[in-house]
Amino acid sequence: MRRILGAGGAVLAQVITAVGSLLLQLIAARELGAAGFAAFTLLNGALVVMATLHTAWVGDSLTVLDRFDPRVRAGLFVSLLGTLALGAVVGTVLALAFGALPGARTLLFGLLVVVWLAEDTGRRLLAARMEFARLARNDGLHLLTTCVVLVIVHVTAGIDLEWLLVAMAAGCVVSIFLVLLQAPREELALPPLRGADVRGVGVFAAWRAAQAVLRPTTLLLARIAIAALVSSTALAATEAARLLLAPTLTLINGVGGFLLPRMVRLREAGHPLRARLALTASVALTSVSAVSALVAVLLTGPLEHLITAGRFDVDPVTVAGWGAYCVSIAATMPVSLLATAYRHSRLVFEVRLIESVIGLAVLAVMLLWRPDLVGLAPFYIGTGGVVTSVVLVIRLHALRSETGPHVPVKADR
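The rules behind the values
- Residues numbered from 1 in each chain as written.
- Predicted model: local features only at pLDDT ≥ 70, side-chain atom pairs only at ≥ 80, totals over all residues.
- Heavy atoms only, no water.
- Helix = DSSP H or I, 4+ residues; strand = E, 2+ residues; numbered from the N terminus.
- Expected span 1.5 Å × (residues − 1).
- Buried < 20%, exposed > 50% of the residue type's maximum accessible area, 1.4 Å probe, protein only.
- Phe/Tyr/Trp six-rings, centres within 6.5 Å; stacked < 30°, edge-to-face > 60°.
- Contact = heavy atoms within 4.5 Å.
- Disulfide = S-S within 2.5 Å.

Per an unreviewed UniProt entry, the chain is named Polysaccharide biosynthesis protein, and its organism is Microbispora amethystogenes.

Encoded structure:
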């Protein structure tokens with residue numbers, strides 16, 4: 001029962017986060033038009049990439065490694081400071097490069113990146129403590145704050161891209177404050193930086209961060225390619241179709257948020273690496289994703305006006321493509337999390353890199369050859385997804401055979 005409640009809390013937290021993300025994207029699609037929505041999509045995609053890199057380097061290390069070891073804790077703190085500073089600089093530069101914000105207003109996106117990454121650290125701390133109910137409550141207050149800011153802005157000034165970013169930042173600040181109030185003193189204690197094991201953290205986190213950032217980076221590069229090779233309207237239509245699969249992606253990410261700390265605890269309890277656990281989750285998630293994709297395709301017509309307010313069209317074929325993409329994620333995620341929990345992040349990175357290169361290559365070739373078939377972009381991107389799942393399963397079975405059923409698996413170095 002505790003496991004079921006824990007998984008439910010993890011999924012609920014992801015649901016709340018996804019509802020907030022979906023709300024912002026719907027507002028951008030309806031209020032900003034195709035060009036404004038395309039600009040928001042690029043900024044949001046960049047934010048996801050940076051948040052994923054931060055989560056994999058700091059958040060997953062915080063979950064998998066011993067965060068109460070003074071040297072490891074100091075290494076985590078140094079890593080946190082580094083990602084916050086890097087995020088501020090890179091966020092500002094990307095906002096300027098995309099042309100999404102004018103002049104000094106690009107600093108607004110850099111500030112959003114900082115508070116977003118800080119909030120994500122708090123979320124991962126609660127997840128590492130298996131406090132998913134508290135995590136869901138904090139995410140709910142984050143969403144409430146965002147909504148309140150948006151309502152005030154809508155009534156007084158009118159919503160534009162800058163105010164959307166301000167609303168997102170406000171929600172982050174509230175969530176950070178709640179974590180600081182709720183977390184035990186030992187979790188917030190600042191470690192002495194002398195002797196910080198930055199290298200030890202990096203040995204684990206580098207491969208994990210590299211493989212985790214591949215998928216959002218692939219999506220960001222795909223969005224840039226669609227906008228550059230076709231048009232911002234085509235990008236807006238592609239992203240609007242993806243919104244119909246948001247509940248499915250929420251479910252997948254929520255289950256993943258529960259599976260990783262659960263698999264880590266199994267490893268710490270001395271249980272051997274067993275691919276069957278991940279395969280069971282993969283089959284269940286894949287089945288649910290396939291049914292959800294079918295429902296989304298059938299509801300494309302009735303929901304199109306709700307999403308776009310008639311500003312541009314949503315193609316059911318593109319929705320089906322995103323459904324196939326969700327199926328590929330559902331098939332691969334539990335297996336990759338199992339490899340991560342048993343510290344085989346390098347293996348996951350190598351497989352994910354092949355998947356990303358193939359997907360982007362197919363997308364680029366097809367957009368250059370037949371830009372009129374841009375609606376098939378999600379199919380192109382997800383080309384190698386299921387294949388990589390098979391490769392991961394084979395490699396995990398090989399690793400288990402090499403180490404034996406009762407011998408702990410060695411981490412990548």
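Visitor: Please explain helix H11 (residues 246-268) as it appears in this structure.
Guide: Within an α-helix, residues lying three or four positions from one another point in the same direction, as the helix has 3.6 residues per turn. Spanning 23 residues, H11 covers 34 Å between terminal C-alpha atoms, matching the ideal 33 Å at 1.5 Å per step. In the stretch just after H11, Gly 270 is the one whose phi turns positive, near 90 degrees.

Visitor: Would you mind going over helix H6 (residues 161-182) with me for this structure?
Guide: With 22 residues, H6 extends 33 Å from end C-alpha to end C-alpha; this agrees with the ideal 32 Å at 1.5 Å per step. When we look at burial in H6, the residues that qualify are Leu 161, Glu 162, Leu 164, Leu 165, Ala 167, Met 168, Ala 169, Gly 171, Cys 172, Ser 175, Leu 178 and Val 179.

Visitor: Any chance you could explain the packing of aromatic side chains here in plain terms?
Guide: Each aromatic ring pair is summarised here by two numbers: the centre-to-centre distance and the angle between the ring planes. Per the stated rule, a full pass over the model turns up one aromatic pair. Each ring, one from Trp 322 and one from Tyr 325, has its centre 5.5 Å from the other, and the planes form 90 degrees; the classification is edge-to-face. Linking Trp 322 with Tyr 325, this pair stays in helix H14 (residues 316-341), spanning three residues, or about one helical turn. Tyr 325 gets classed as buried once you look at its relative accessible area, which sits at 6%.

Visitor: Could you clarify how one ought to interpret the side chain of Thr 121 in this entry?
Guide: Of note, Thr 121 is situated in helix H4 (residues 106-128). With residues near it in sequence (within four places) discarded, Thr 121 still touches His 54, Val 58 and Leu 80.

Visitor: I tried to follow the state of the cysteines on my own but got confused; where do I start?
Guide: A covalent bond between the sulfur atoms of two cysteines is referred to as a disulfide. A complete count under the given rule lists zero disulfides for this structure. For the unlinked cysteine Cys 172, the closest cysteine sulfur is that of Cys 147, found at 13 Å. Residue Cys 172 is classed as buried on the basis of its relative accessible area of 0%.

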